[in-house]
Amino acid sequence: MLSLRAFFHLSNHKTHLLNLPEPSNRIRYCGSSHGWVVILDETPEIRLLNLITRTTLRLPQLDTFPNVVSFSYSNIGREYLVTSPHGGVHALNLSQMCNSFVRKVVLSSSPSLQSSFNDFAAFAIVGQGQHSLAFCKKGHDSWDFILSDELYCWEDVVYHNGLFYVVTNEGTIAVCDIYGYAPPQVTIIQTAPIEFSGDIYYVVFLVKDMLLVARFLEQVFDDDDVAGGVYNLVYRTVGFEAFKMNWGEMKWEKIETLGDHVLFVGGNSSLSLVASDFDGCCLKDCIYFTDDYSDSNYDDACGKHDVGVFSLWDKSIELLPCYPRNSHSRLGWPLPIWVSPNPC
């Protein structure tokens, strides 16, 4: 099936509409790495789609996670039975499984690159509240847990130099090596207490430096003709702070500038680029962000997704357009996500 999607091009600020081979029903993007997006819908399938080549691949299904006891379409409204870290079993329906079971998936490399055939892996943050960590390698038919206890609320994960790095909202780090050992090895690093309190956290590497990026949200009332003039309570990003990991003292240190670099955060695998390498396509010392926190946010109906550019040097925010303002077909589209094109 082909689905119409809108793409906003940073270099010319134009929106392009393309038909992509996606499920025709409501979908969710829960990751973007190396030009591929990770797609969930109200089936057990987890799809990978390359937006340039339109190639579709599949990861192991949702019902292959170790904590999924059973799946059946015949149990309407209770299709999945899932165990909790405390040992209980609860039911999730198709929509709940699509929207909240998997928080984010990142890829180690492009799954179609022959050179990475043996190394390709997908890494997932799973669960509500406290989160489990899971992975699968290319050729596997199921997911394996690395950490499945309730001790940590994992926020974000990034792949760097052969390792997956995961962070909590308190700055705790898990360094996961799924290649060198069987079973995989996990090192938990407890950092010094941090003096900030953001709403969403991202981890990204800026060359060799590991950064923790805190995003701050505010609730505001918004009205729009699309919503019939009704005031809706929505979230808006009001700022960011960035912290660099000091490995010698095991603490996060606030930084005031990214220099010539730019960050892209949201539902994607967080990414840093050198702004001068892209000829004015993006601004240095800025954080580009997308709405990745609420499928239920009324932004979707108002056509004002929380997408923009935060400047570290003057703390200003420039909003970016998301969809054509007169296009009602945007309703029901997945939350926006950054994609770095990769033709393979």
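Criteria and thresholds
Residues numbered from 1 in each chain as written. Predicted model: local features only at pLDDT ≥ 70, side-chain atom pairs only at ≥ 80, totals over all residues. Heavy atoms only, no water. Helix = DSSP H or I, 4+ residues; strand = E, 2+ residues; numbered from the N terminus. Buried < 20%, exposed > 50% of the residue type's maximum accessible area, 1.4 Å probe, protein only. Contact = heavy atoms within 4.5 Å. Areas by Shrake-Rupley, 256 points an atom, 1.4 Å probe, with all protein chains shown as cover. Pairing = 2+ DSSP bridges. Core = buried A, V, L, I, M, F, W, Y, C linked by side-chain atoms within 4.5 Å. Polar contact = N/O pair within 3.5 Å; in protein donor to acceptor, adjacent residues only side chain to side chain. pLDDT = per-residue confidence, 0-100. Phe/Tyr/Trp six-rings, centres within 6.5 Å; stacked < 30°, edge-to-face > 60°. Axes fitted to C-alpha atoms, helices over the stretch in contact; angles between N-to-C directions.

The name given to the protein chain in an unreviewed UniProt entry is KIB1-4 beta-propeller domain-containing protein, with Crotalaria pallida as the source organism.

1. Quick notes on the overall build of the protein chain
Looking only at helices and strands, the protein chain has 2 helices and 26 strands in total. Counting only residues that meet the buried cut, the protein chain has 49% of its 344 residues in that class. Sequence-distant contacts in the protein chain: of pairs separated by 6 or more residues, those separated by 24 or more amount to 47%. Carbon together with sulfur atoms contributes 51% to the accessible area of the protein chain, which is approximately 15,800 Å² in total.

2. Re the pairing of strand β12 (residues 132-137)
Along a regular strand, successive side chains alternate from one face of the sheet to the other. Burial of β12 is extensive: 5 of the 6 residues sit out of reach of the surface. Where strand β11 (residues 121-126) and β12 come together, 6 bridges link them in antiparallel fashion. Among the inter-strand pairings, Val 126 is bridged to a residue of β12, identified as Ser 132. Relative to strand β13 (residues 144-147), β12 is paired through 3 bridges, and the arrangement is antiparallel. From the neighbouring strand, Leu 133 faces β13, where its bridge partner is Leu 147. The antiparallel pairing of β12 with β13 creates a hairpin that spans 6 residues between the two strands, and Gly 139 there sits at a positive phi of about 95°.

3. Some remarks on the nonpolar core
Counting residues in each nonpolar core, the largest one holds 27 residues, and the members touching the most others are Leu 59, Leu 62, Phe 65, Phe 101, Val 105 and Trp 143. Contributing elements (two or more residues each) for this core: β4 (36-40), β5 (46-50), β8 (80-83), α1 (94-101), β10 (102-107), β11 and β12. Residue contributions to this core peak at 4 residues, all from α1. Counting residues in hydrophobic clusters, the runner-up holds 17 residues, among them Tyr 202, Val 213, Phe 310 and Leu 312.

4. Some details on the side chain of Asn 268
Positionally, Asn 268 belongs in the loop between β22 (261-265) and β23 (271-274). Taking relative accessible area as the criterion, Asn 268 reaches 3% and is therefore assigned buried. Reaching out from Asn 268, the side chain makes a polar contact with the backbone nitrogen of Gly 266 at a distance of 3.2 Å. Sequence-distant contacts of Asn 268, that is, excluding residues within four places in its chain, are made with Ser 32, Lys 104, Ile 337 and Trp 338.

5. What to know about the confidence of the model for the protein chain
Scored by pLDDT, the protein chain has a mean of 85; 85% of the residues are at 70 or more. Predicted confidence for residues 325-331 stays below pLDDT 50, and this span has 14 contacts to residues more than four positions away or in other chains.

6. A few points about the packing of aromatic side chains
Across all of its chains, the model carries 13 aromatic pairs by this definition. Both rings, one in Tyr 165 and one in Phe 205, keep their centres 4.9 Å apart while their planes meet at 65°; by these two values the pair is edge-to-face. Note that Tyr 165 is positioned in strand β15 (residues 163-168) and Phe 205 in strand β18 (residues 200-206), a separation of 40 residues in sequence. A residue is classified by how much of its surface remains accessible, and Tyr 165, at 11% relative accessible area, is buried. You can call Phe 205 buried: its relative accessible area is 10%. When the centroid spacing of 5.6 Å and the interplanar angle of 50° are considered together, the rings of Phe 240 and Phe 310 count as tilted. Of the two residues, Phe 240 is situated in strand β20 (residues 232-246) and Phe 310 in strand β25 (residues 308-311); the sequence distance between them amounts to 70 residues. Note on Phe 240: relative accessible area 4%, which makes it buried. One aromatic cluster in this structure is built from Phe 65, Phe 101 and Trp 143.

7. Topic: the sheet that holds β4
Across the sheet, which stays open at both edges, the 4 strands sit in the order β3-β4-β5-β6 with antiparallel pairing between neighbours. Where the open sheet ends on each side, the last strands, each with one partner, are β3 (28-33) and β6 (56-59). With strand direction ignored, the average angle separating the axes of adjacent strands in the sheet is 30°. Strand direction decides the pairing type here: β3 and β4, joined by 4 bridges, are antiparallel. Its bridge partner lying in β4, Tyr 29 is registered against Ile 39.

8. Details of the pairing of β8
Only one face of β8 is buried, namely the one carrying Tyr 80 and Val 82, since none of Leu 81 and Thr 83 on the opposite face is buried. Strand direction decides the pairing type here: strand β7 (residues 68-71) and β8, joined by 3 bridges, are antiparallel. Note that in β8 the partner of Phe 71 across the bridge is Tyr 80. Two strands pair when backbone bridges link them, and β8 and strand β9 (residues 89-92) are joined in this way by 4 bridges, in the antiparallel orientation. Bridged to Val 82 within β9 is His 90. In textbook terms, the turn of a hairpin is the stretch between consecutive antiparallel strands, and for β8 and β9 this stretch comprises 5 residues, one of which, Gly 87, has a positive phi near 100°.

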